[in-house]
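Structural features, examined
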Amino acid sequence: MKVGFYGHVRQYHNLKEDLDKAISGVLESGSYVGGPVGKRFEGELAEYFGLKAAAGVNSGTDAIWLALMALGIGPGDEVITTTNTFFATAEAAWIAGATVVFVDSRPDTHNIDPDKIEEAITPKTKAIIPVHLYGQCAEMDKIAAIAKKHGLAVLEDNAQSIDAHGDTFKIGELSDVVCTSFIIQKNLGTFGDGGAVISDNTEVIDTIKRLRNHGSPARSKHSFGFNSRLDEIHAAVLSVKLKHITAFSDQRRAIAAKYDAALADCGLVLPTTLPGYRHVYHLYVVETPVGKRNDLLKHLQAQGIDAKCHYDIAIHEQEGYPWGKEARIVGSMANSEKNAATCISLPMYPELNDDEVAYTIEQVLAWCGQNL
Ligand SMILES: Cc1ncc(COP(=O)(O)O)c(C=O)c1O
């Protein structure tokens, strides 16, 4: 049996009638960039988050650096984040011209460790970018309290965790801006690239709307900016899929519950969810003992199961780091480095069927039985 890592085409087939109608509606309209569908989707997104406004942009990476720029954060400023994340989190801060300051992640959730943040703060620190990694929120209540004490902005990198929440907080409730990605593999993904910034700060959103469109407040008028818009076709697709986001998350959570039950005693470390948090399993990441990961990965791939690693090289361990950019590491990165060496993401998407889940479990157990 073959088990793929992504369910994009299945999701398209499940929603085909609505998606085809939405896409052909845009094609027939003749309006492909900066039109009514994108505006409507921005409204739907803001309403979904319970925030005042949203700006669609070209990618999750652009969402972060445009938000930093709109908040006035750039050269000479420091931004605190983790090294155990997709590269783009730090890359976006570098694009904005800021210095990236890495602190370690928690060993269990793999999100930024709030207890490590304060020692990284200097007079140059302007923002914290917690990443809601794998589908679970970072501890926003603790992070927001630190930010408030030190007068820092908080940008949530929510590329992986739309529809998650904390024990007492919603995404967007305790930060300045939420930045998200709509690249196809995300829990809310379009057929291509896309991203958005969502916030209660309408000034910041208006600034991003100008920056994404060549600094243009109105036709023919420009200040410096870029081209980073969310096209109408992507907005139309996202508008259809946003209505299904809770169902998608619930399907992911049901698959995670099956993995949890079947793999509980197999010798791997399974994902940790903090009490009261809603984990939406963008990824279902297990940990092997040190030195065994590549063997399990090879076994699964040989059996037709497309497992992957997120992320097998921490950012500060990438070749050539820091590429002439400003970066600082505060304290040990031991938890992030260990996760990079031991993590494996099992197939996880809403359309994964029972046979595929059962076969994946069977193959993981077979390897564990012989190797742990
Ligand atoms: C945590 C995180 N941040 C940022 C990004 C960047 O998003 P994009 O690929 O849309 O630029 C991604 C995903 O790709 C991500 O997973």
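Residues numbered from 1 in each chain as written. Predicted model: local features only at pLDDT ≥ 70, side-chain atom pairs only at ≥ 80, totals over all residues. Heavy atoms only, no water.

1. Some details on the overall build of the protein
Looking only at helices and strands, the protein features twelve helices and ten strands. Over its C-alpha trace the protein gives a radius of gyration of 21 Å, about what one expects of a compact globule, namely 21 Å for 372 residues. The proportion of buried residues among the 372 residues of the protein is 56%. Relative to all contacts within the protein whose residues are 6 or more apart in sequence, the contacts with residues 24 or more apart total 73%. Measuring between centres, the 35 positive side-chain charges of the protein sit 4 Å from its 47 negative side-chain charges. (Helix = DSSP H or I, 4+ residues; strand = E, 2+ residues; numbered from the N terminus. Rg over C-alpha atoms; globule rule 2.2 N^0.38 Å. Buried < 20%, exposed > 50% of the residue type's maximum accessible area, 1.4 Å probe, protein only. Contact = heavy atoms within 4.5 Å. Lys, Arg positive; Asp, Glu negative; His and termini not counted. Charge placed at Lys NZ, Arg CZ, Asp CG, Glu CD.)

2. Looking at the domain arrangement of the protein
Domain parsing of the protein yields domain 1 (8-242) and domain 2 (245-371). Using C-alpha coordinates to define each centre, domain 1 is positioned 24 Å away from domain 2. Facing 54 residues of domain 1, the contacting portion of domain 2 comprises 44 residues. Summed over both sides, the interface between domain 1 and domain 2 buries roughly 4100 Å², with carbon and sulfur atoms accounting for 54% of that surface. At the boundary of domain 1 with domain 2, the tally comes to three salt bridges. E356 is the salt-bridge partner of R10, the closest N and O atoms lying 2.6 Å from each other. When contributions to the side of domain 1 that touches domain 2 are tallied by element, the ones reaching two or more residues are helix 1 (8-14), strand 2 (78-82), helix 5 (88-95), strand 3 (99-103) and helix 8 (232-242). For the side of domain 1 that touches domain 2, the element with the highest residue contribution is strand 3, accounting for five residues. (Domains from an automatic or database assignment. Buried area = accessible area lost by both parts, 1.4 Å probe. Salt bridge = Lys/Arg side-chain N within 4 Å of Asp/Glu carboxyl O.)

3. Here we look at helix 5
Within helix 5, six of the eight residues are buried, which leaves it mostly tucked inside the rest of the structure. Of all the positions in helix 5, only A88, T89, A90, A92, A93 and W94 are classed as buried. The inward-facing, buried residues of helix 5 abut helix 4 (60-70), strand 2, strand 3, strand 5 (153-157) and strand 9 (327-329). At the C-terminal side of helix 5, G97 shows a positive phi close to 95°.

4. Side note on the site of the ligand
Lining the immediate surroundings of the ligand are 15 residues, of which G60, T61, D157, S181 and K186 lie closest. Interatomic distance of 2.9 Å between a side-chain N/O atom of Q160 and an oxygen atom of the ligand. With respect to the ligand, the side chain of K186 contributes an N or O atom lying 2.9 Å from an oxygen atom. Those elements that place two or more of their residues in the shell around the ligand are helix 4 and helix 5. Considered class by class, the residues forming the shell around the ligand number five nonpolar, eight polar and two charged. (Near = heavy atom within 4 Å. Polar contact = N/O pair within 3.5 Å; in protein donor to acceptor, adjacent residues only side chain to side chain. Nonpolar A, V, L, I, M, F, W, Y, C, P; charged D, E, K, R; others polar.)

5. What about the packing of aromatic side chains?
In total, this model carries 16 aromatic pairs according to the counting rule given. Between F87 and W94, the ring centres sit 6.4 Å apart and the planes meet at 45°, which makes this aromatic pair tilted. On the basis of relative accessibility, which here comes to 25%, the residue F87 falls in the partly exposed class. When the ring of F87 is compared with that of W323, the centres are 5.2 Å apart and the planes differ by 90°; the resulting orientation is edge-to-face. Of the two residues, F87 is situated in the loop between strand 2 and helix 5 and W323 in the loop between helix 10 (293-302) and strand 9; the sequence distance between them amounts to 236 residues. A relative accessible area of 35% means that W323 is categorised as partly exposed. Through successive ring pairs, a cluster of aromatic residues spans F87, W94, F102, Y321 and W323. In this structure, K241 packs its charged tip against the face of F191, placed 4.6 Å from the ring centre. Over the ring of F5 we find K308; its NZ or CZ atom is 5.5 Å from the centre of that ring. (Phe/Tyr/Trp six-rings, centres within 6.5 Å; stacked < 30°, edge-to-face > 60°. Lys NZ or Arg CZ within 6 Å of the ring centre and 35° of its normal.)

6. Section: a nonpolar patch on the surface
On the surface, L27, Y32 and V33 cluster together to form a nonpolar patch covering roughly 270 Å² of accessible area. The topology assignment puts L27 in helix 2 (residues 16-29). (Patch = residues over 30% accessible without salt bridge, like charges linked within 9 Å, V, L, I, M, F, W, Y side chains within 5 Å. Areas by Shrake-Rupley, 256 points an atom, 1.4 Å probe, with all protein chains shown as cover.)

7. Description of the pattern of salt bridges
Counted according to the given criterion, the structure contains 16 salt bridges. Two residues, E139 and K142, come together in a salt bridge whose shortest N-O distance is 3.0 Å.

8. What about the sheet that holds strand 1 (residues 53-57)?
Sheet architecture is open: eight strands sit in the order 1-7-6-5-4-2-3-9, paired in mixed fashion. Strands at the two margins of the open sheet, each flanked by one partner only, are strand 1 and strand 9. Averaged over all pairs of adjacent strands, the angle between their axes in this sheet comes to 25°, without regard to strand direction. Packing of helix 6 (residues 140-150) onto the sheet brings it into contact with strand 4 (125-128) and strand 5, and relative to strand 5 it is tilted by some 155°. Strands strand 1, strand 6 (177-181) and strand 7 (195-199) of the sheet are contacted by helix 7 (residues 202-211), whose axis makes an angle of about 20° with strand 1. (Pairing = 2+ DSSP bridges. Axes fitted to C-alpha atoms, helices over the stretch in contact; angles between N-to-C directions.)

9. Examining the nonpolar core
Within the largest apolar cluster, 49 residues are counted, with the highest numbers of intra-cluster contacts made by F41, L45, F49, I80, I117, F182 and I198. For this core, the secondary-structure elements that each account for two or more residues are helix 2, helix 3 (36-49), strand 3, helix 6, strand 7, helix 8 and helix 9 (245-263). Taken domain by domain, the makeup of this core includes at least three residues from each of domain 1 (8-242) and domain 2 (245-371). Ignoring any residue separated from it by four or fewer positions in sequence, one finds F41 in contact with F182, L230, A235, L238, S239 and L242. One finds C266, Y311, L352 and V364 within the second-largest nonpolar core, a separate group that totals 36 residues. (Core = buried A, V, L, I, M, F, W, Y, C linked by side-chain atoms within 4.5 Å.)

10. Section: the pairing of strand 3
Burial within strand 3 is extensive, with five of its five residues counted as buried. Alternating residues of strand 3 divide into T99, V101 and V103 and V100 and F102, and every residue in both groups is buried. Judged from the five bridges that link them, strand 2 and strand 3 form a sheet pairing that is parallel. Counterpart to E78 in the pairing with strand 3 is T99. Each parallel crossover has a hand, and for strand 2 linked through helix 5 to strand 3 it is right-handed. (Right-handed = clockwise from strand over helix to strand, strands pointing away.)

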